[in-house]
Structures are given as structure tokens and as C-alpha cells.
Amino acid sequence: YIHFENHNPYMIHKHAVGVPLEMLFTSFNLEITQDCIILNYEKSKEFCSENDQHLLFFLNGEKYYPDISQYEIKHDDRIMISFGGEKSISKNLAYLESLEISEVPKRPQSSGNDISI
């Protein structure tokens, strides 16, 4: 229901409504909580906020405080998940904003009995 479009790590594509980012993360054995990134491979590895290492979420250039894994992406959203020191955040946000990602056109709304997802 949700995946990276054509293996492009900058473009997420979903095929249905009601599909949170958690489904994308789960598809490659990743779990993201408010404080941790958990890699669920053979041996789980956790990266959690502590001391000068912080897990921060940004949605369209603004800090995002709710649970990012439950967020349902919208057309043209720009999402950044940052783990590490805060020094690189403004640089990474500027880079994200500078990306020229070819737009995937929205599907036309359905009419009559047709269903378009």
C-alpha cells in the first residue's frame, strides 16, 4: 500500500487512503517511536534520544511532535527524520527544500460508480 516510488528514497507513493507511515517503515523492518529508531533485523538495534543525540521529526519544514509513524502523507509533503546533533538540522532542512522532485500527478477524483485510489 505504500512504498518508495521507483526505488527513489526521496519519494513515497501510497496506493490507498488510511495508510500511515508505519506501514512503510515496517516494510523494511524499521520501527520509529517518539524517542527511538529500532532496526528489527536478525538482532534488533536501537538508536534512542539521549544526551546530545536527539530524534526529531519535521513535516514541511516545521517540527512535528505527534507520533510520525501514524502520520498519513499528503501530496507534496516533505518529511525529515533526524537523529543526531542539532547542528546539522538547518543544513539538512535546506537540502530537503532544495530537492527538485518530479511531481507525481494526483489521480482524478472518481465519478459515478468508479473507484479511484
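For the structure, see preceding data.
Residues numbered from 1 in each chain as written. Predicted model: local features only at pLDDT ≥ 70, side-chain atom pairs only at ≥ 80, totals over all residues. Heavy atoms only, no water.

1. As for the pairing of strand β8 (residues 79–84)
Argument step 1. Burial of β8 is one-sided: the residues Met80, Ser82 and Gly84 facing one way are buried, the residues Ile79, Ile81 and Phe83 facing the other way are not.
Argument step 2. Pairing of strand β6 (residues 54–59) with β8 involves six bridges; the strand directions are antiparallel. Within β8, the position partnered with Leu55 by the bridge is Phe83. (Buried < 20%, exposed > 50% of the residue type's maximum accessible area, 1.4 Å probe, protein only. Helix = DSSP H or I, 4+ residues; strand = E, 2+ residues; numbered from the N terminus. Pairing = 2+ DSSP bridges.)

2. Observations regarding the packing of aromatic side chains
What describes a pair of aromatic rings is the distance from one ring centre to the other and the angle between the planes of the rings.
Argument step 1. Applying the stated criterion across every chain, the model contains four aromatic pairs.
Argument step 2. When the ring of Tyr64 is compared with that of Tyr71, the centres are 5.5 Å apart and the planes differ by 75 degrees; the resulting orientation is edge-to-face. Take Tyr64 and Tyr71: they sit in the same class, and that class is buried. (Phe/Tyr/Trp six-rings, centres within 6.5 Å; stacked < 30°, edge-to-face > 60°.)

Read these as layout, nothing more, since geometry by itself doesn't imply function.
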